[in-house]
Amino acid sequence: MVSIDRLSGLPEGLIIEILSRMETQYAVRTCVLSKRWTRLWTQLTWINLNLDSFVSSESFLIFFFGLLTHYDSRKLCSLKFVCTDLDGPDGRLVEAIIDYATVNQVLYLSIDSILIWDIILPPQLFASLEDLTLKYMSIQFPKACYAASLKSISLRGVSIENDILLNCINLEDFFMAECEVFGLSKIVISAPKLDYLHIQYERSHDDTPKDMMISISAPKLETIVFSFHCDSIANISLGTCPFLESVSIDFYHRLKSENEEDMLQIHTYAKHIVNFLNGVSDVSSLTLTRKTIMVLSAFPELVKNLPSPFKNLRSLEVLKSHKRKYFVVPPEVETFLVEGSPNASELLKGLQSDLEK
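Residues numbered from 1 in each chain as written. Predicted model: local features only at pLDDT ≥ 70, side-chain atom pairs only at ≥ 80, totals over all residues. Heavy atoms only, no water.

Caption draft 1: Spotlight on the sheet that holds strand 8 (residues 164-167). Strand order in this open sheet of 5 strands is 5-8-10-12-14, and the pairing throughout is parallel. One side of each edge strand has no neighbouring strand; the edge strands of this open sheet are strand 5 (145-146) and strand 14 (235-238). In the sheet, strand 8 pairs with strand 10 (residues 186-190) via 4 bridges, with the strands oriented parallel. Bridge pairing in strand 10 links Leu166 to Ile189. (Pairing = 2+ DSSP bridges. Helix = DSSP H or I, 4+ residues; strand = E, 2+ residues; numbered from the N terminus.)

Caption draft 2: Examining helix 5 (residues 260-279) more closely. In this model helix 5 runs 29 Å from its N-terminal to its C-terminal C-alpha over 20 residues, within 8% of the 28 Å that 1.5 Å per residue would give. Buried-residue contacts for helix 5 involve strand 13 (223-229), strand 14, strand 15 (246-252), strand 16 (285-289), helix 6 (290-297) and helix 7 (331-338). (Expected span 1.5 Å × (residues − 1). Contact = heavy atoms within 4.5 Å.)

Caption draft 3: Structural context of the pattern of salt bridges. If you walk through the whole model with that rule in mind, you get 2 salt bridges. Here Glu17 and Arg21 are joined by a salt bridge, their closest N and O atoms 2.7 Å apart. In this structure, Glu178 engages Arg156 in a salt bridge whose closest nitrogen and oxygen atoms are separated by 2.6 Å. Taken together, the residues span a long stretch of sequence, with Glu178 in strand 9 (residues 173-181) and Arg156 in strand 6 (residues 152-156) at a distance of 22 residues. Overall, the relative accessible area of 41% leaves Glu178 in the partly exposed class. (Salt bridge = Lys/Arg side-chain N within 4 Å of Asp/Glu carboxyl O. Buried < 20%, exposed > 50% of the residue type's maximum accessible area, 1.4 Å probe, protein only.)

Caption draft 4: Representation of the packing of helix 3 (residues 57-70) against helix 4 (residues 91-103) within the structure. Packing of helix 3 against helix 4 leaves a shortest axis separation of 11 Å and a crossing angle of 15 degrees. On the basis of the axis angle, helix 3 is roughly parallel to helix 4. Crossing of helix 3 over helix 4 shows left-handed handedness. Here helix 3 contributes Ser57, Glu58, Phe60, Leu61, Phe64, Phe65 and Leu68 to the contact with helix 4, which in turn contributes Arg92, Leu93, Ala96, Ile97 and Tyr100. (Axes fitted to C-alpha atoms, helices over the stretch in contact; angles between N-to-C directions. Parallel < 35°, antiparallel > 145°, perpendicular 65-115°, else oblique. Left-handed = near helix turned anticlockwise from the far one by under 90°.)

In structure tokens form, the structure reads like this:
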């Protein structure tokens, strides 16, 4: 019986597609199975590296630099590096990867690494970059970053050590979550195509600045998600957002005492919430947390004489909290939130029902 080598008969394009879904070191090893495949890995447009698959940082570096001597960098679109070892990688590895991505103008860069500190992102990195994903590391952005090609930024668990100043004419998506802000005092984003904005941060260090300024110029913005759990809320400035559809906010201070100084700070916190809500008046769907409404309810005089800004509001949802605390929502706050809506009475019933759950 004659055996048929079906594997070697696969189309070259399909083999490359299969290899591109592997970690690169395994793709290289797989190519030794057939003479016809020997150089196929050099045609991959993605490099996917996982330090956890190597016995040491030294063996990783040997493989990485050996890989680069044979790889056609002109075909490279994406570079991904992962390290989930709790001891963290050697900083040289991440620096080498960023340097390579910068020199070869990759389009997609993703680094998911634990316990890497003081990584400086060079301005040249953004010359052609379209997608940047960083997780669980400490970084510094360029002092001023003009990134004409950048379409997406995703930062999770990142410690940010300086201000974020972005001028991105093609940026569509900005995501920042579970981040700590050591030296971050302002986020300034000018992005005429931005349609999704998600910013979440907590202040967990005494040496962080007490006031933050967020300035967004994004006329095509459709979705905003803001979550601030800290002693002072950011001062948020939004330009006109006529296409705004969905806003979700979770603003809550962590002050426990009720002395005069703390109450004054919470009052300022509430004022920033009111200013922000006035700035998103075009929204059609609004989601608030119980804690956010609780802060507003502590100072009803802030909205007593203000008309409701929401002329297009169709949906108002209150998110539950794990530790529910009973409080009364003053009528001034209820009026401010729903009176301007075309279906105000329905929204008011829904608001009261959500708070009673």
